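Spelled out, the chains give:
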Amino acid sequence: MDAQHTGAQTTPADLDDRYDVVIYGATLAGIMAAVRLRLRGLRSLILEPTGHVGGIVAGGLVKSDGPNVDEAHAGLTRSRFFGGIAAEYGPDGAPFQLNGAQYLFEPRVAERVASRLLTEAQATVLLRHRIDGPADVEVTGRRITAIRTADGWHRARFFIDASYEGDLMAAAGVPYTVGREPASRYDEPYAGFQPVQAYRRGPFRPNTLYPVGSAPRMAAGDGDDKVQAYNFRGVLTREAERLPFPKPADYDPKRYLYLRQLIEQRGIAGLSSIVTHTALLPNGKYQTNQALFIGFDLPGASWAYPDGSWSRREEVIAEQVRWHQGMLYWLANDPSLPPSFRADAQTFGLPTDEFLDSPYGPGFPHALYIREGRRMLGAKVLTQHDLRKPNNTTATPVCCWKYGMDCHVVQYYAEGDDTIVGEGTLSGTESNPPVDLYQIPAECLFPAAGGIENIAVPLCFSASHVGYSSPRMEPNYGMLGEACGELAAQSIRTGQPVQDYRYPELAAALTEHGSVLDLPGLR
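Since we're looking at a predicted model, the values are computed, not measured.

**Q** Which parts of the structure should I look at to understand the overall build of the chain?
**A** Within the chain, the secondary structure is distributed over 13 helices and 22 strands. In terms of C-alpha radius of gyration, the chain reaches 23 Å, essentially the compact-globule figure of 24 Å for 523 residues. In terms of its C-alpha atoms, the chain occupies a principal-axis envelope of roughly 70 × 50 × 50 Å. A burial count over the chain gives 62% of its 523 residues as buried.

**Q** Can you help me understand the sheet that holds strand β12 (residues 235-237) in this one?
**A** Paired through backbone hydrogen bonds, the strands of a sheet run either parallel or antiparallel to each other. The strand order across the open sheet built from 3 strands is β12-β15-β14, with neighbouring strands paired in antiparallel fashion. Looking along the sheet, the strands with just one partner apiece sit at the ends: β12 and β14 (280-281). Inspection of the sheet shows β14 paired to strand β15 (residues 285-287) by 2 bridges, in the antiparallel sense. Paired with Leu 281 across the two strands is Lys 285, which belongs to β15.

**Q** Which parts of the structure should I look at to understand the packing of helix α1 (residues 28-39) against helix α4 (residues 107-120)?
**A** Any two packed helices are characterised by the angle at which their axes cross and by the distance between the axes. Between α1 and α4, whose axes approach to 9 Å, the crossing angle comes to 25 degrees. Taken together, α1 and α4 sit at an angle that is classed as roughly parallel. The hand of the α1/α4 crossing is left-handed. Facing Ile 31, Met 32, Val 35 and Arg 38 of α1, the residues of α4 in contact are Ala 114, Leu 117, Leu 118 and Glu 120.

**Q** Could you clarify how one ought to interpret the packing of helix α3 (residues 75-89) against α4 in this entry?
**A** It is at 9 Å that the axes of α3 and α4 come closest, and there the two elements cross at 120 degrees. Taken together, the axes of α3 and α4 are oblique relative to one another. Of the two possible hands of crossing, α3 and α4 adopt the one that is right-handed. Counting all contacts with α3, which are made through Arg 80, Phe 81, Gly 84, Ile 85, Glu 88 and Tyr 89, the residues of α4 involved are Val 109, Ala 110, Arg 112, Val 113, Ala 114, Arg 116, Leu 117 and Glu 120.

**Q** Which parts of the structure should I look at to understand helix α12 (residues 474-494)?
**A** In this model α12 runs 30 Å from its N-terminal to its C-terminal C-alpha over 21 residues, within 8% of the 30 Å that 1.5 Å per residue would give. Taking burial as the measure, the 21 residues of α12 include 19 buried ones, the bulk of the element. Of the residues one or two after α12, Gly 495 is the one with positive phi, at around 75 degrees.

**Q** In this structure, what is going on with the side chain of Glu 486? I would like to understand it.
**A** By the element assignment, Glu 486 lies in helix α12. Leave out the neighbours within four places in its chain, and Glu 486 touches Arg 36, Arg 40, Leu 506, Ala 509 and Leu 510.

**Q** Honestly, the sheet that holds strand β19 (residues 411-415) in this entry has me stumped. Any pointers?
**A** Strands sit in the order β11-β20-β19 across an open sheet of 3 strands; the sheet is antiparallel. Single-partner strands in this sheet number two, and they are β11 (199-201) and β19. When strand polarity is set aside, the average angle formed by the axes of neighbouring strands in this sheet is 25 degrees. When β11 meets strand β20 (residues 419-423), the two strands line up antiparallel, connected through 3 bridges. Bridge pairing links Arg 201 to Ile 420 in β20.

Rules and cut-offs
- Residues numbered from 1 in each chain as written.
- Predicted model: local features only at pLDDT ≥ 70, side-chain atom pairs only at ≥ 80, totals over all residues.
- Heavy atoms only, no water.
- Helix = DSSP H or I, 4+ residues; strand = E, 2+ residues; numbered from the N terminus.
- Rg over C-alpha atoms; globule rule 2.2 N^0.38 Å.
- Buried < 20%, exposed > 50% of the residue type's maximum accessible area, 1.4 Å probe, protein only.
- Pairing = 2+ DSSP bridges.
- Axes fitted to C-alpha atoms, helices over the stretch in contact; angles between N-to-C directions.
- Parallel < 35°, antiparallel > 145°, perpendicular 65-115°, else oblique.
- Left-handed = near helix turned anticlockwise from the far one by under 90°.
- Contact = heavy atoms within 4.5 Å.
- Expected span 1.5 Å × (residues − 1).

So this is what it looks like as structure tokens:
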């Protein structure tokens, strides 16, 4: 797929019209957009910043959170991607399947299905093609005309930013935000700094070591530019042919003092108690997530990522790699842990058939899980109010969704002499605040009137921080990608700005291939 382009010295005006749409990001959303575009007879070029297709579902997030109402997950995302994964496993995957779709799987299978869909979409895919900023995007009037990567300029009639970072929309001048709005912005009770709903855990002595920061000097409900914690979604195995947990070059066991205290306080007997309940995968593999109050998430380390340069993002990723790999090595080898604990941890290792070319070592995920990056300020901003009745329906839905408002810890800070506060969660408990079944309007997918006229954004779509916390799941991203593909196709066919789309035609195009836009539980 890493096709070679010539013409690195060309300008936008020199290029021919080989492609109708340029998609930035071979994520699930980008792939499903390309599939829809091919069904409309259009040609796609996908520029993927990394070395892999499939986004985080091929990069480690293999326990995909579907909607609480199964009927809400529909369209080609369900039938072709998650249904395609189910077909890969056949009857052996039955314990992991739900009505023909499979949400627990192996990364290599997800990447294989993603690659097959891209082939069917007849999309040209260029890997390791990044844009760095406004100088790489040519805008004429209100239209993007071309974007530039290392091998030159790429022109199209429409552009879809399907990246986790939102780099294309930002470089094109589309308004966006990062972090948490103040509660007063959209009158959202869960918005901004949330000290009341925070986790409080202890005793931890001392309670000011890494990764704990200082207490924020702000009032409840104040906004900030902080984002929730990222992590690597690791895959472990107990197979005899496994890779031992590597020891990072700058390994420092003191980083895990709080984890040791937490293990002692809770009487955790081994890594089995932390991992195996999280997610059992096919073929005896296990998915890691945060797991404990101090776990694989690294609150605070993610803040510089959304608006950072690629070099700054690489620093963020390196810190996350050190934290995660060091923790695995510590769990299996640190002499402060009981021998029985270490022996149990040593029964796990990294798989020999996953992530073989990862830049962070074989068996370790090649993609950091970006739970939230930039968010567009578009024609409609989805907020907390749109997730609950009576505001949960819209005249222009592109899909239905229901999943609790899920925000991981944003920051750790010390309180008193022995308490660590994990602030940012919206409930203060292990349960997410509930939502009702709701619809997502098309207007969340493109800029407001007067903005860029030929871009759609399925991942960094227009939402408040709280509004984003529920629909930020990969199965939903795929459906939003389908909608962006159909918006692009209609805009190209009519020659009209995406803001002037015709909803009846969009709805007909979506439902033609299985999208569900209305359900009885909405009212």
